[in-house]
Amino acid sequence: MAFSYACLTLQRVVLPIVLVLAALYRPVGISFVYLLMFFVSPFIPVATKQNFKGSVTAYFIILLALSTILLLCHIGLQVSIFALHIGDMFGTCSVTERLLRHIGFIGFQNLKAFAIVEWLAPEVVVFITSLVVYIISKKITQTVEPQLETGDVEVAIRENGGGGGGSENPNEEISNALVEDAQRQKHVVVAAASSSSAAATVDDNTKPNFDGLIKISPLFCLATLFFSAVLRPSVPGGFYFSIFLLSGLYWATFQTLQRKFAMLLRFVMVVIVAHTLCIVAYQTPWMQDHLEKTSLTARLIGLEPLITSKCADDIRIIVYNTEYKADSFLNPIVLFFTYYALALTTKNLIKIRVSFKI
């Protein structure tokens, strides 16, 4: 199952982590593009020979196109600044600079190398990662399947049965014919067994068995909801904790968590998406200026300025707020992880239900 596990690891572990880090490392308008691709990714099937040319290829083409366009926009802006000699408008916190900064584009004049890397790294990393994952997945899914070559049986029979020259003894001819027939049947059986073994191997490679994980996945979702609720208490956290308690009580009464539970988790996913978008949006200077961190709304939703960028210094400089501890920085990551776990679980639960109906 090495091939299937390779695609599974790349699509279900590596790519989502890169998309989340690209969005959180530099929270701006274009970061929501990566968040959108992350939210869609669990519903894209793991690449196989049958589905690679469908939704899998379409997803990677869109991701590559978006990252390429954004990277070209960065380059185009720098070329325009150099050609039009408008570098003086950057670094002064003008209206145009603030607007471009919230979208995700800045001028690199008078910036240190590390600051430039901070603004370009997400596009570069996403492009390279998506390209590598696409190429590896394509190579794996297009690997030639082991199969029995046409004529192998005939060659084996010819090699073993040939060369029986005419014999003057009829009994010897009959004996040779019987031996030849037995050898022919033996090779046919061996060839059929080899073909069946190869087909079984291919089937194992393309259809890994995760029945055990699927059975415990609802309980794993409850655990992720619990950690999402208690890590940074808020109104959405209280909602996650309520779902955890109610679902746990329902399961404790020896009831199975199946399709209805999946529908409930789909609603929770919508809440998580809205919650995470608010957290990411609050990391922009405009949101922090119009919504104080001590306000009731910010406290209820659980919004914290983890990243600051002010005109008093240089709005292009990203500063991580060290007054908050690790749990504040882990909170959005845990929420994204919870969303991903819920998405995969609900997809499998609904798929199992549909297969039973069929």
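Basis of the calculations
- Residues numbered from 1 in each chain as written.
- Predicted model: local features only at pLDDT ≥ 70, side-chain atom pairs only at ≥ 80, totals over all residues.
- Heavy atoms only, no water.
- Helix = DSSP H or I, 4+ residues; strand = E, 2+ residues; numbered from the N terminus.
- Buried < 20%, exposed > 50% of the residue type's maximum accessible area, 1.4 Å probe, protein only.
- Contact = heavy atoms within 4.5 Å.
- Areas by Shrake-Rupley, 256 points an atom, 1.4 Å probe, with all protein chains shown as cover.
- Disulfide = S-S within 2.5 Å.
- Axes fitted to C-alpha atoms, helices over the stretch in contact; angles between N-to-C directions.
- Parallel < 35°, antiparallel > 145°, perpendicular 65-115°, else oblique.
- Left-handed = near helix turned anticlockwise from the far one by under 90°.
- Nonpolar A, V, L, I, M, F, W, Y, C, P; charged D, E, K, R; others polar.
- Core = buried A, V, L, I, M, F, W, Y, C linked by side-chain atoms within 4.5 Å.
- Domains from an automatic or database assignment.
- Expected span 1.5 Å × (residues − 1).
- Bend = angle between axes of the 7 residues up to and from the residue.
- Phe/Tyr/Trp six-rings, centres within 6.5 Å; stacked < 30°, edge-to-face > 60°.
- Salt bridge = Lys/Arg side-chain N within 4 Å of Asp/Glu carboxyl O.
- Patch = residues over 30% accessible without salt bridge, like charges linked within 9 Å, V, L, I, M, F, W, Y side chains within 5 Å.

Q: Even after reading the chapter, I still don't get the overall build of the chain, so can you show me in this structure?
A: Each helix and strand in the chain was counted, giving 13 helices and two strands. Taking all 358 residues of the chain together, the buried fraction comes to 37%. Pairs at least 24 apart in sequence give 74% of the contacts found in the chain among residues at least 6 apart. When the accessible area of the chain is evaluated, it comes to approximately 20100 Å², of which 68% is carbon and sulfur surface.

Q: What's the story with the environment of N348 in this structure? I'm lost.
A: Looking at the secondary structure, you find N348 in helix α13 (residues 326–357). Classification of N348 by relative accessible area gives partly exposed; the value is 21%. Linking N348 and R259, residues 89 residues apart in sequence, is a C-alpha distance of 9.7 Å.

Q: Where do I start with the state of the cysteines in this structure?
A: One covalent bond between the sulfur atoms of two cysteine residues makes up a disulfide. Following the criterion strictly, the structure yields one disulfide and no others. There is a disulfide in this structure between C93 and C311, and the S-S distance comes to 1.6 Å. Highlighted residues: C93 in the loop between α3 (52–84) and α4 (95–103) and C311 in the loop between β1 (307–308) and β2 (319–320), separated in sequence by 218 residues. Assessed through its relative accessible area of 14%, C93 is described here as buried. Judged by relative accessible area, C311 falls into the partly exposed class, the value being 38%.

Q: Could you clarify how one ought to interpret the packing of helix α9 (residues 235–252) against helix α10 (residues 259–281) in this entry?
A: The geometry of a pair of packed helices is captured by two quantities: the angle between their axes and the separation between those axes. In the contact formed by α9 and α10, the axes pass within 11 Å of each other and the chain directions differ by 165 degrees. The angle between the axes of α9 and α10 places the two elements in the roughly antiparallel class. When the axes of α9 and α10 are compared, the crossing they make is left-handed. Between α9, through P236, F239, Y240, I243 and S247, and α10, the contact on the second element is made entirely by F261, L264, F267, V268, V271, I272 and H275. Across the contact of α9 with α10, the residue classes tally to 10 nonpolar, two polar and no charged.

Q: I keep staring at the nonpolar core and nothing clicks. Help me out?
A: In summary, soluble globular proteins display a tendency toward joint burial of nonpolar side chains. Counting residues in hydrophobic clusters, the biggest one holds 66 residues, and the most contacted among them are L19, F38, F336 and L342. For this core, the elements supplying multiple residues, two or more each, are α1 (2–25), α2 (31–40), α3, α5 (113–141), α8 (211–231), α9, α10 and α13. Ranked by residues supplied to this core, first place goes to α1 with nine residues. Lining this core are residues from two domains, each supplying at least three of them: domain 1 (1–143) and domain 2 (215–357). Leave out the neighbours within four places in its chain, and F38 touches P16, L19, V20, F336, Y339 and Y340.

Q: In this structure, what is going on with α5? I would like to understand it.
A: Its 29 residues give α5 an end-to-end C-alpha distance of 40 Å, which sits within 8% of 42 Å, the value for a rise of 1.5 Å per residue. The largest bend in α5 is about 50 degrees, located at L120, with the proline P122 one to four residues further on.

Q: Teacher, can you tell me more about the packing of aromatic side chains here?
A: For any pair of aromatic rings, the description consists of the separation of the ring centres together with the inter-plane angle of the planes. Here the structure, examined in full by the defined rule, presents 16 aromatic pairs. With a centroid separation of 5.6 Å and 25 degrees between ring planes, the pair formed by F52 and Y134 is classed as stacked. Here the residue F52 occupies a position in helix α3, and Y134 occupies one in helix α5, the gap between them amounting to 82 residues. The class for F52 is buried, based on a relative accessible area of 4%. Following the ring pairs from residue to residue traces out a cluster consisting of F38, F39, F336, Y339 and Y340.

Q: Help me out: how do you make sense of the pattern of salt bridges in this one?
A: Opposite charge on two side chains makes pairing possible when the charged atoms of those side chains draw close. Overall, the coordinates contain six salt bridges when judged by the stated rule. Measuring nitrogen to oxygen at the nearest pair gives 2.7 Å for the salt bridge that ties E123 to R26. Of this pair, E123 sits in helix α5 while R26 sits in the loop between α1 and α2, placing them 97 residues apart in sequence. In this structure, E123 and R26 share a single accessibility class: buried. Among the salt bridges present, the one from R232 reaches E304, with a minimum N-O distance of 2.4 Å. One end of the pair, R232, is in the loop between α8 and α9; the other, E304, is in the loop between α12 (296–301) and β1, and 72 residues separate them in sequence. By relative accessible area, which is 28% here, R232 ends up partly exposed. Residue classification places E304 among the buried positions, given a relative accessible area of 15%.

Q: Explain a nonpolar patch on the surface to me, please; I cannot follow it from the model alone.
A: On the surface, V13, V14, I17 and L21 cluster together into a nonpolar patch covering about 310 Å² of accessible area. Inspection of the secondary structure assignment puts L21 in helix α1.

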